[in-house]
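Descriptive analysis of the structure
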Amino acid sequence: MTTKDGRRAPGALEANVMAALWAAEGPLTAADVQREIGGELAYNTVQTILIRLHEKAVVERRKEGRGHVYWPVQDAATAAAHQMRSALTDRTDRQAVLQQFAASLDESDAAVLRALLAGTERKRRS
């Protein structure tokens with residue numbers, strides 16, 4: 001995830017750290033996360049990202065040994081759904097945003113969405 005000038009895209013480091021935490025079987029230390037994302041980042045950078053994610057209430061932590069272990073507050077699917085809902089919050093053009101999103105889906109994703117919406121509609125009528 002880099003920009004045209006070779007720099008990391010905004011949020012790319014946080015996304016990499018979260019991906020490592022979501023893939024883990026349990027809580028990870030900063031060193032564990034560093035190892036999981038390839039070790040190219042300095043330990044202090046990984047630790048700073050984890051602290052920022054904790055301050056944003058995206059991850060939890062507990063003291064273990066001389067440091068902390070971290071784990072995500074939500075699973076990846078729930079976090080993505082939250083981001084999608086946030087994109088609609090306070091938008092006057094919600095329909096246009098939803099229309100653009102729906103138009104951008106490939107046919108298999110559109111079919112899944114239609115099935116999910118149909119199931120939700122059936123539950124409302126029950």
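Described in the following lines is the structure provided in the data block.

What counts and how
Residues numbered from 1 in each chain as written. Predicted model: local features only at pLDDT ≥ 70, side-chain atom pairs only at ≥ 80, totals over all residues. Heavy atoms only, no water. Helix = DSSP H or I, 4+ residues; strand = E, 2+ residues; numbered from the N terminus. Contact = heavy atoms within 4.5 Å. Areas by Shrake-Rupley, 256 points an atom, 1.4 Å probe, with all protein chains shown as cover. Polar contact = N/O pair within 3.5 Å; in protein donor to acceptor, adjacent residues only side chain to side chain. Core = buried A, V, L, I, M, F, W, Y, C linked by side-chain atoms within 4.5 Å. Buried < 20%, exposed > 50% of the residue type's maximum accessible area, 1.4 Å probe, protein only. Pairing = 2+ DSSP bridges. Expected span 1.5 Å × (residues − 1). Salt bridge = Lys/Arg side-chain N within 4 Å of Asp/Glu carboxyl O.

Quick look at the overall build of the protein chain
Secondary structure assignment for the protein chain yields six helices and two strands. Along the protein chain, helices (α) and strands (β) appear in the sequence α-α-α-β-β-α-α-α when read from the amino end. In the protein chain, once contacts between residues fewer than 6 apart in sequence are set aside, the share between residues at least 24 apart is 34%. Surface summary for the protein chain: the accessible area is close to 9,400 Å², and the carbon and sulfur share equals 51%.

So, the side chain of glutamine 34
Along the chain, glutamine 34 falls in helix α2 (residues 30–36). A polar side-chain atom of glutamine 34 sits 2.7 Å from the main-chain carbonyl oxygen of leucine 41.

Regarding the nonpolar core
Val17, Leu21, Val33, Val46, Leu50, Leu53 and Val59 are the most contacted members of the largest nonpolar core, which totals 14 residues. Counting residues per element, the ones that place at least two in this core are α1 (12–23), α2 and α3 (43–55). Apart from residues no more than four positions distant in its own chain, valine 59 is found in contact with Met18, Leu21, Leu50, Leu53, His54, Tyr70, Trp71, Pro72 and Val73.

Here's the deal with the pairing of strand β2 (residues 67–72)
The side chains of a regular strand alternate between both faces of the sheet. In this sheet, β2 lies alongside strand β1 (residues 59–64) in antiparallel orientation, the contact comprising six bridges. Bridge pairing in β2 places glutamate 64 opposite glycine 67. Connecting β1 to the antiparallel partner β2 that follows it, the hairpin turn spans two residues, and glycine 65 within it adopts a positive phi of roughly 65°.

Overview of α3
Since the α-helix turns once every 3.6 residues, residues separated by three or four places project in the same direction. With 13 residues, α3 extends 18 Å between its outermost C-alpha atoms, agreeing within 8% with the 18 Å of an ideal straight helix rising 1.5 Å per residue. Those residues of α3 that are buried are in contact with α1, α2, β1 and β2. Once α3 ends, the next one or two residues include alanine 57, with phi positive near 65°.

Considering unusual backbone geometry
Positioned with a positive phi, alanine 57 is a non-glycine residue whose angle comes to about 65°. Among the secondary structure elements, alanine 57 is positioned in the loop between α3 and β1. Its relative accessible area of 52% is what places alanine 57 among the exposed residues. Although it is not a glycine, aspartate 90 adopts a positive phi angle of roughly 60°. With respect to the helices and strands, aspartate 90 occurs in the loop between α4 (76–88) and α5 (94–104).

What to know about the pattern of salt bridges
As enumerated under the stated definition, the model contains five salt bridges in all. Here arginine 114 makes a salt bridge to glutamate 107, at a shortest N to O gap of 2.6 Å. Assessed through its relative accessible area of 48%, arginine 114 is described here as partly exposed.

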